[in-house]
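Now for the letters of each chain:
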Amino acid sequence: MDILKIDEKAEVGRIADKLIDLLRNKLHRRGLVVGISGGVDSAVSTALCVEALGAKRVFGILMPEHDSSSESVSYGQLVVDKFGLDHTMENIGPTLEAIGCYRWRDEAIRKLFPEYGDDWKCKIAIAGQRKGTINHFNLVVQSPTGEISEKRMGLKEYLQVVAATNYKQRIRKTVEYFHADRLNYAVVGTPNRVEYDQGFFVKNGDGSADVKPIAHLYKTQVYALARYLGLPEEICNSTPSTDTYSMPQGQDEFYYTLPYDKMDVALWNYNHGVSAAKLAATLAIDEEHANFIYKDIEAKRSATQYHHMNPLLIEDVKIGS
Amino acid sequence: MNIEDKVKEYILENYLFTDDMSALGNDDSFIEKGIIDSTGILEVIFFLEETFSLAVEDDEMVPENFDSVNNIAAFVNKKTAA
């Protein structure tokens, strides 16, 4: 879509300059740490850090766990290899086991599916979105023989499964800050604009960072930069996934109401005050659906304010600026 | 205690941290007034299912059923009469 077209060369230059400016004048750290997930957002963020500072001042961390797809490591390795990055691979599975991530999650799942065992797979799917009903969540499980079952989750089970899986993003961020402190580097957060705007991140998990170089870019633009920066084909052509649950889970299945390219267009139109009727014509959907999309954008913005909030104080306290 | 008061007491206790019954009108919209968010609505539904021994069906999960004390009472009355 033309509305999302950017001048890639100029944008890469602008972001690289700003990263240097922020490191020099605000962060006072001498390099950047990036958690590399194998997805396009962290790959582009890494490439931008390399553009800004050169590969030797960027440290990459691959952090698979028991439920990661095999691509998360192999694609992550492609990124590291492309730039010859200094990096480490930290399998966080044993840490997550020790802290109870899988145990708490599976305990909640077994309230719905008592037969759920270690060799089963699961994911959460959002339900109700399109029919104008309140968003709620279904648990989908797959038995070792491939049989798939789905049930609506009670609130307690839903909150417990999400709380348990949030350990993954929070442990990853803990590892990133360890390396950042060790090297005197700053930590990069890799949300794109839709994720940042719609609060699709874990507070104090992937939401935590010192600098977020692509938070102003729509996902379509991130893909355009991926191609411009010559990132591996596999990454440029990948479909966004959460890579948090053991069953494949698209982001649009869990959080958004549309596939990413249409979600970009919807959010751009919303941000530019374009009417729902025009959005409907652009996306070839009916106006009622377009109205619902706008309402959902507003609802998510409002519901996730908490994710963006810094700790609140009883009164202002003077600190260094 | 009637349904309205039971629901109101739950909302006041859990979201407004008060027992002052005048802090919430029976027609006040929970969402418009910023009293509860989307997770809060799911909590209210869970409370209703437990307290009034009813099961909220998927197609009944519309905001209109749960967005005020009076709307909830009407919904509960309809469900328990059926």
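Residues numbered from 1 in each chain as written. Chains lettered and ligands numbered in written order. Predicted model: local features only at pLDDT ≥ 70, side-chain atom pairs only at ≥ 80, totals over all residues.

### As for the overall build of chain A
Along chain A, the regular secondary structure elements total 14 helices and seven strands. For chain A, whose C-alpha radius of gyration is 20 Å, the value lies close to the compact-globule estimate of 20 Å for 321 residues. The dimensions of chain A, computed from C-alpha atoms along their principal axes, are 50 × 50 × 50 Å. Burial analysis of chain A (321 residues in total) assigns 39% to the buried set. Partitioning the intrachain contacts of chain A with sequence separation of at least 6 by distance along the chain shows that 68% fall at a separation of at least 24. (Helix = DSSP H or I, 4+ residues; strand = E, 2+ residues; numbered from the N terminus. Rg over C-alpha atoms; globule rule 2.2 N^0.38 Å. Buried ≥ 20, exposed ≤ 12 C-beta atoms within 10 Å, placed from the backbone. Contact = placed C-beta atoms within 7 Å.)

### Details of the sheet that holds strand S5 (residues 136–142) of chain A
Residue and element names in this part refer to chain A. The antiparallel open sheet is built from three strands, whose spatial order is S4-S5-S6. The open sheet has two free edges, formed respectively by strand S4 (121–127) and strand S6 (148–152), since each of these has just one partner strand. Here the strands of the sheet are splayed against their neighbours by 25° on average, with no regard to which way each runs. Direction of pairing for S5 relative to S6: antiparallel, over a ladder of five bridges. The residue of S6 that forms the bridge with leucine 139 is lysine 151. (Pairing = 2+ DSSP bridges. Axes fitted to C-alpha atoms, helices over the stretch in contact; angles between N-to-C directions.)

### So, the interface of chain A and chain B
Every contact between the two is made by eleven residues of chain A and, on the other side, eleven residues of chain B. A per-class count over the side of chain A that touches chain B returns four nonpolar, six polar and one charged. (Nonpolar A, V, L, I, M, F, W, Y, C, P; charged D, E, K, R; others polar.)

### Focus on the sheet that holds strand S3 (residues 86–89) of chain A
If you trace the four strands from one edge of the open sheet to the other, you get S3-S2-S1-S7 (chain A), paired in parallel fashion. Of all the strands in the sheet, just S3 and strand S7 (186–187) of chain A have a single pairing partner and so form its edges.

### Considerations on helix H2 (residues 40–53) of chain A
Residue and element names in this part refer to chain A. The terminal C-alpha atoms of H2, which comprises 14 residues, lie 20 Å apart, in line with the 20 Å expected from a rise of 1.5 Å per residue. Burial within H2 is extensive, with 13 of its 14 residues counted as buried. At the C-terminal side of H2, glycine 54 shows a positive phi close to 90°. (Expected span 1.5 Å × (residues − 1).)

### Quick word on the domain arrangement of chain A
Residue and element names in this part refer to chain A. Domains assigned within chain A are domain 1 (2–94 + 162–245) and domain 2 (98–161). The C-alpha centroid of domain 2 is placed 28 Å from the C-alpha centroid of domain 1. Facing nine residues of domain 1, the contacting portion of domain 2 comprises 13 residues. Of the residues forming the side of domain 1 that touches domain 2, the biggest block, six residues, is contributed by helix H6 (residues 155–183). (Domains from an automatic or database assignment.)

### Section: the packing of helix H1 (residues 8–27) of chain A against H2(A)
Residues and elements named next belong to chain A. At a minimum axis distance of 8 Å, the contact between H1 and H2 shows a crossing angle of 70°. Classified by the angle between their axes, H1 and H2 sit roughly perpendicular to one another. Read as a crossing pair, H1 and H2 show a hand that is right-handed. Of the residues in H2, those in contact with Val12, Ile15, Ala16, Leu19 and Ile20 of H1 are Leu48, Cys49, Glu51 and Ala52. Its residues assigned to classes, the contact of H1 with H2 shows eight nonpolar, no polar and one charged. (Parallel < 35°, antiparallel > 145°, perpendicular 65-115°, else oblique. Left-handed = near helix turned anticlockwise from the far one by under 90°.)

### Quick word on the nonpolar core
In this structure, Val33(A), Val44(A), Cys49(A) and Ala226(A) are the most contacted members of the largest nonpolar core, which totals 74 residues. Apart from residues no more than four positions distant in its own chain, Val33(A) is found in contact with Phe59(A), Ile61(A), Glu176(A), His179(A), Ala180(A), Tyr185(A), Val187(A) and Val188(A). By size, the runner-up hydrophobic cluster in this structure holds 14 residues, among which are Val7(B), Val44(B), Leu48(B) and Ile72(B). (Core = buried A, V, L, I, M, F, W, Y, C linked by C-beta atoms within 7 Å.)

### A few points about the environment of Ser68(B)
Residues and elements named next belong to chain B. Following the sequence through the fold, serine 68 ends up in the loop between helix H3 (63–66) and helix H4 (69–81). The buried category is assigned to serine 68, around which 23 C-beta atoms lie within 10 Å. Once you skip the residues sitting within four places of it in the chain, serine 68 turns out to touch Asn26, Asp27, Asp28, Ser29 and Phe30.

### Concerning the pairing of strand S2 (residues 58–62) of chain A
All names here are of chain A. Extensive coverage of S2 is indicated by the burial of five of its five residues. Where burial is concerned, the two faces of S2 agree: the one with Val58, Gly60 and Leu62 and the one with Phe59 and Ile61 are both buried. Strand direction decides the pairing type here: strand S1 (residues 32–35) and S2, joined by four bridges, are parallel. Considered in S2, the bridge of leucine 32 is made with valine 58. Read as a crossover between parallel neighbours, the route from S1 over H2 to S2 is right-handed. Read from S2 through helix H3 (residues 70–83) to S3, the crossover connection turns out right-handed. (Right-handed = clockwise from strand over helix to strand, strands pointing away.)

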